[in-house]
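Residues per chain, in single letters:
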Number of protein chains: 4
Amino acid sequence: MIRFESDYTEGAHPRILQRLLETNEEQTPGYGLDQHCEAARNYIKKACQAMDAEVHFLVGGTQTNATIIASILRSYQGAVTAESGHIAVHETGAIEAAGHKVLTLPSRDGKIRAEQVKELYRAHWADASHEHMVQPGMVYISHPTENGTTYRKDELEALSAVCRECGLPLMLDGARLGYGLTAPDNDLSLTDIARLCDVFYIGGTKVGALMGEAVVITQEALRRDFRYMIKQHGGMLAKGRLLGIQFETLFEDGLYFEIAGHAVAMAMRIREAFTAQGFSFRYASTTNQQFPILPDEVLKKLGETYAYSFWEKAGATHSVVRFCTSWATKKEHVDRLVKDIQAL
Amino acid sequence: MIRFESDYTEGAHPRILQRLLETNEEQTPGYGLDQHCEAARNYIKKACQAMDAEVHFLVGGTQTNATIIASILRSYQGAVTAESGHIAVHETGAIEAAGHKVLTLPSRDGKIRAEQVKELYRAHWADASHEHMVQPGMVYISHPTENGTTYRKDELEALSAVCRECGLPLMLDGARLGYGLTAPDNDLSLTDIARLCDVFYIGGTKVGALMGEAVVITQEALRRDFRYMIKQHGGMLAKGRLLGIQFETLFEDGLYFEIAGHAVAMAMRIREAFTAQGFSFRYASTTNQQFPILPDEVLKKLGETYAYSFWEKAGATHSVVRFCTSWATKKEHVDRLVKDIQAL
Amino acid sequence: MIRFESDYTEGAHPRILQRLLETNEEQTPGYGLDQHCEAARNYIKKACQAMDAEVHFLVGGTQTNATIIASILRSYQGAVTAESGHIAVHETGAIEAAGHKVLTLPSRDGKIRAEQVKELYRAHWADASHEHMVQPGMVYISHPTENGTTYRKDELEALSAVCRECGLPLMLDGARLGYGLTAPDNDLSLTDIARLCDVFYIGGTKVGALMGEAVVITQEALRRDFRYMIKQHGGMLAKGRLLGIQFETLFEDGLYFEIAGHAVAMAMRIREAFTAQGFSFRYASTTNQQFPILPDEVLKKLGETYAYSFWEKAGATHSVVRFCTSWATKKEHVDRLVKDIQAL
Amino acid sequence: MIRFESDYTEGAHPRILQRLLETNEEQTPGYGLDQHCEAARNYIKKACQAMDAEVHFLVGGTQTNATIIASILRSYQGAVTAESGHIAVHETGAIEAAGHKVLTLPSRDGKIRAEQVKELYRAHWADASHEHMVQPGMVYISHPTENGTTYRKDELEALSAVCRECGLPLMLDGARLGYGLTAPDNDLSLTDIARLCDVFYIGGTKVGALMGEAVVITQEALRRDFRYMIKQHGGMLAKGRLLGIQFETLFEDGLYFEIAGHAVAMAMRIREAFTAQGFSFRYASTTNQQFPILPDEVLKKLGETYAYSFWEKAGATHSVVRFCTSWATKKEHVDRLVKDIQAL
């Protein structure tokens, strides 16, 4: 079985493992206060051109989202997101467990628009009963989204402007950030994101690391006591160096973008193969997740060799499925899949 | 600088890194549903002689404590522990963040006694205002404790009996469990612990792993939907296999106990060296943490070569400090320290 | 200004005030343990034909909803409700503050159907990622709903059957219960509700009392330690007798239904008056809240004499508004309003 | 049975009931936005000489404490209080349910000292592991305390100065404030309290009202969105006027202090009677709660006629008990008790 079901089916990029081996006997202080974390922080700040930002390393995505959101909101405030947002659907209520409602906006592609945020904000404050309703307290987006779609620079600029106008911190979930920034039609840079968002994170778990997410806090007001929040949310790894070493490796010479670019190129080949056969897609994704709409008998056949994940039914005879590539995807596996698609 | 300040200053046992390398390209399902996790679960159940227990892997100690406790208690219940318990002092309010009070009992050595639990339980229910007070809902102990002390089998049996009598689930935090079970005066086995506790965990982070804690739930009522709790608390690692591979390595042939025993032997040599010089100790620890009471000028001198951690002042001229060994402690470092102690 | 804007614009029914005066100097124990609360509990159990139910008195609706829901759900579970449910919209996140997601179902009239619940339940457990999503843990309905609509007996029986099949406790918010049970087309009795729901409450605040909600817990499993929950949620009134005295007065001889019936009769007259003039309604309400769709110029005119509340726009020139009656509504005020409607 | 067991055994002061009767048919907006609340707010601000303070009305003490504390603290912060503080002992974990640890200081009389707060603050920040511990975020005191003791003006000034130096908001729980401000040795005024505290409340429930606590927020930073907090915590009474009418009555012409003074005078007579008989007291209370240490046979005898509450054992043959007076205490009951004490 060749697995295209998710982007976390393998271990870590070999250079990361190599580095873990080399540093294994070093003795370092715990909890992210070691020199590897420090070096990684600097590489990331440089990559963002945000030398006065604060960088923290956490272990996983749900934890990172819950920690950031809880650090921003007052208890009667909620996080605004697309109805398909990860925090709205796939975190077993981690945001609510920290006391906050997730306020959802309709979205067909996983993205939300500046005007939607503005209207929700306006409607809240215009309502005579606004004190009886959860107050919008921040905006959460992901790039790429759960649907593999990405924000254009002008879209992010518009969102950022509305958020600043309304006093709503803008957070970007970058669990798959590398795959967004290396998409063929991407016009955003890390620097843009650091400039337009108040806090965001650079995902390691799905882009080459064993695990780990690097949180970048650009807005000064959001930095206060963030390490307390990490500790309380169970995200302060005793051997914090493990995260430092991994992000050091990923960011010291651009490995992060190199391996993300590989994944995207592989995904584009799969996309083109399906397209060439006349199949259409559920979302206009240019990143590492592709969502073709396929006849169930085709799926059955492909399923004999390839693992993919089921997304949703599309009428009686077709389904939407997800094919994921990653930094670890082998070219020969994609060659084979493309050939099998061509043979359909 | 030779570091004895904590038991998480290095990476992982070399066999663990070796195994991560060997398995790196394997493609597995995520979230702990892979074959390595399954194998590790079986090794652990066998070691506990508890084949119908449930075993789950989480990332760190604070997270594990918060997840287990939140899964047991109703919202008006609290966890009973020693006033020095990790959950009472060093988790930045993670238990309270999940809505629960920590109910503390006085303790000079980090342990609590069966009679203390019984009396607290009796006093709660005898109080006419008991509905106005947090109800004791479970008991949390650690073995070894924060002070390096351990429970004898008869003590744990008595605690367990009282807990069952009172309907209070008994949880054992085993972040350093290996170091307790290999202490020279230890008379407890994993099997005893599985029999006497309702839930406990076997610490990996401090005993040879990069990170990871293996939760063993023996009481059936506590198993329900535990994976939802893990996910909500941010402990469900996407690449769950990393935890499975590590515990597989530690438990397939007894490596866990072997490396823990090494650490304890090293600690005993340090203890003996201090004792021989006439120094006394704050706690009667037979495990990997030693707490000598030393004159401040001695500490200054030792501090030139060795990192230890400050514990508390002991009068005007002395301090209690902590020297930790671990699976990674080098014999030659201990030789040198012992020699330096003898030269004092 | 004659106020039809809500059903809590006056104080309390005169007989309640009279009773408060008569009992004012009695000395009683606090926290609901007095003889008036005991008497009121008995009257209510009799009215429900549920002598082994447990009855508790709380102060207000948001508090009561939050307390009941928190007492039922485990932390990873959510409460299923209509998207317009009070807990989903108008409680400033009180349910989320207790850690729980509100899982909403689409609804045009404020009611949810048995099949919707069954489908949501089925879909949750059929999803391979169900552990990553909030688990449905109970069902919350209100009768009448926020829209003034009511459940028919067969609808409630179907809902109750599905809930029991799925193991989901069914809770009924009866903040306006009197107005539902005295609706002209109502075929439900208190006894039916006690039989079909696991927990519900009888609203006092909006039906004749100064304040107060009487919670009836019929399912044994939900009774455990409920007073701890009330105290923790700030609902345990020191002078609990105030609630006991009010419900005693309302239930000793049917006053509750008598005054609720009056309100409904008044509302029906208003409804008929609008209908006769050719106006239509947003919801098919047969209870004390009426939602006519009116031209904005008509509203302006009526607004000179009558207070109503704005509900939503209905196109460019019309609005939906709410006219509420209550136990306190004066017949002469309704006469006047009806006349003014007829004159439109 | 004549009840001295608590200060909430009767209804409300007759003038309050009278006012409720007179205003019963008035139609007002809900949720505290009516003219009675407005008038009451103004009376209170005048009494505090704090015209730019914000005044809110809540229903009960536990709710008020939980709401204020949750509005002040960030999630990793705790409230500092005496170990006997109401929030530490008698609120069924309401503070923890909102996510916050209660940080206790030792106290023999229910009061805490400025130096204790300073030392706790200093020790927290001096600890290298401070990020692993709950951060002190505010200070909670009560006046009078649970033990009937009161703060002198110089003590409160010292506490206030330390709190401001450390950036810790100072909150005063005044559930029995009237009884403290009319104590014979009291040198504090409402104005002093408004000047020295950042937020406090004036208790109605125990001082003449049916129920109700008036929160006065003097510090501007703490006022933000407080009504959202009230609503979320279930404290926003639909018929908010009930609270407004009561505080209007209590504060329009000094009734609050008049009836509190009566209660204190009655308590002093009881104190003197016990003293004259050679009995001593557990606490040096000059307020409405008295804690004599009495032989158990004396208690048995008094218990035939008088209800008091048990406090704690004092050796094998004696107990500490509590006798409470209130605004409702009848002079003839105290005459009789004093006579019975004299006859012991």
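Structural notes, computed from the coordinates. Since the model is a prediction, treat every value here as computed from it, not as a measurement.

**A closer look at unusual backbone geometry**
Step number 1: In this structure, Pro144(B) follows His143(B) across a cis peptide bond, with omega equal to -5°.
Step number 2: Here Pro144(B) is to be found in the loop between β5 (135-142) and α7 (153-166).
Step number 3: In this structure, Thr92(A) takes a positive phi of about 45° despite not being glycine.
Step number 4: Within the secondary structure layout, Thr92(A) lies in the loop between α4 (86-89) and α5 (94-97).
Step number 5: Backbone geometry places Tyr31(B), a non-glycine residue, at a positive phi of 60°.
Step number 6: For Tyr31(B), the position within the fold is in the loop between α1 (14-23) and α2 (35-48).
Step number 7: Take Tyr31(B): its relative accessible area is 17%, and that puts it in the buried class.

**Some words on the environment of His233(A)**
Step number 1: For His233(A), the position within the fold is in the loop between α10 (226-232) and α11 (241-251).
Step number 2: Spatially, the C-alpha atom of His233(A) lies 44 Å from that of Val298(A), the residues being 65 residues apart in sequence.
Step number 3: If sequence neighbours within four positions are ignored, His233(A) has contacts with Gln63(A), Ala66(A), Thr67(A), Ala70(A), Ala98(A) and His233(B).

**A closer look at the relation of the copies chain D and chain C**
Step number 1: Screw-axis analysis of chain D against chain C gives a translation of 0.0 Å along the axis, an RMSD of 0.0 Å, and a rotation angle of 180°. The relationship between the two copies is best expressed as a two-fold rotation axis.
Step number 2: Both copies share a contact surface, since 100% of the interface residues of chain D are interface residues in chain C too.

**Examining the interface of chain D and chain C**
Step number 1: Counting residues at the interface gives 45 residues for chain D, matched by 45 residues for chain C.
Step number 2: Area buried by chain D at its contact with chain C is led by Tyr8(D), Gln27(D) and Lys239(D), which between them contribute 18% of it.
Step number 3: At the surface where chain D touches chain C, the tally comes to two salt bridges.
Step number 4: With a shortest N-O distance of 2.7 Å, Lys330(C) and Glu25(D) are connected by a salt bridge.
Step number 5: The interface formed by chain D and chain C holds 28 residue pairs in polar contact (both at pLDDT 80 or more) in total.
Step number 6: Partitioned by chemical class, the residues of the side of chain D that touches chain C number 20 nonpolar, 15 polar and 10 charged.

Reading the values: the criteria
- Residues numbered from 1 in each chain as written.
- Chains lettered and ligands numbered in written order.
- Predicted model: local features only at pLDDT ≥ 70, side-chain atom pairs only at ≥ 80, totals over all residues.
- Heavy atoms only, no water.
- Helix = DSSP H or I, 4+ residues; strand = E, 2+ residues; numbered from the N terminus.
- Buried < 20%, exposed > 50% of the residue type's maximum accessible area, 1.4 Å probe, protein only.
- Contact = heavy atoms within 4.5 Å.
- Least-squares fit on C-alpha atoms with pLDDT ≥ 70 in both.
- Buried area = accessible area lost by both parts, 1.4 Å probe.
- Salt bridge = Lys/Arg side-chain N within 4 Å of Asp/Glu carboxyl O.
- Polar contact = N/O pair within 3.5 Å; in protein donor to acceptor, adjacent residues only side chain to side chain.
- Nonpolar A, V, L, I, M, F, W, Y, C, P; charged D, E, K, R; others polar.

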